[in-house]
Amino acid sequence: MTTRLEEYPNRIREIRKQRGMTQKELAQAMGMSAVNIGHLELERRDPSLSNLRALAKIFGIPTASLLSVRDNPHG
């Protein structure tokens, strides 16, 4: 069984793609490199709380949504 924190890389990638953003575009909005976004999506690096908040703000969702596993990931 996957825990909530193990799901965040998939959620970041999934939401980024739903918003029609490339890693480079998300990185620019975050003020970081696309390599760093790739590391987050591949779970090579854990996001800081401030990065989670920034991602949520860019995506227009609650921060908890980045960590949530839901039956319908598109909702």
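Description of the structure in this document. (Residues numbered from 1 in each chain as written. Predicted model: local features only at pLDDT ≥ 70, side-chain atom pairs only at ≥ 80, totals over all residues. Heavy atoms only, no water.)

Examining the nonpolar core
- In terms of nonpolar packing, the biggest core is built from 16 residues, with I12, L26, I37, L55, F59, I61 and L66 touching the most fellow members.
- Taken together, the elements giving at least two residues each to this core come down to helix 1 (8–18), helix 2 (23–30), helix 3 (34–41) and helix 4 (49–59).
- The residues contacting I12, other than those within four sequence positions of it, are L26, L40, E41, L55, F59 and L66. (Core = buried A, V, L, I, M, F, W, Y, C linked by side-chain atoms within 4.5 Å. Buried < 20%, exposed > 50% of the residue type's maximum accessible area, 1.4 Å probe, protein only. Helix = DSSP H or I, 4+ residues; strand = E, 2+ residues; numbered from the N terminus. Contact = heavy atoms within 4.5 Å.)

Side note on unusual backbone geometry
- A positive phi angle is found at E43, which is not glycine, with a value near 60°.
- Positionally, E43 belongs in the loop between helix 3 and helix 4.
- E43 sits in the partly exposed class, given a relative accessible area of 43%.

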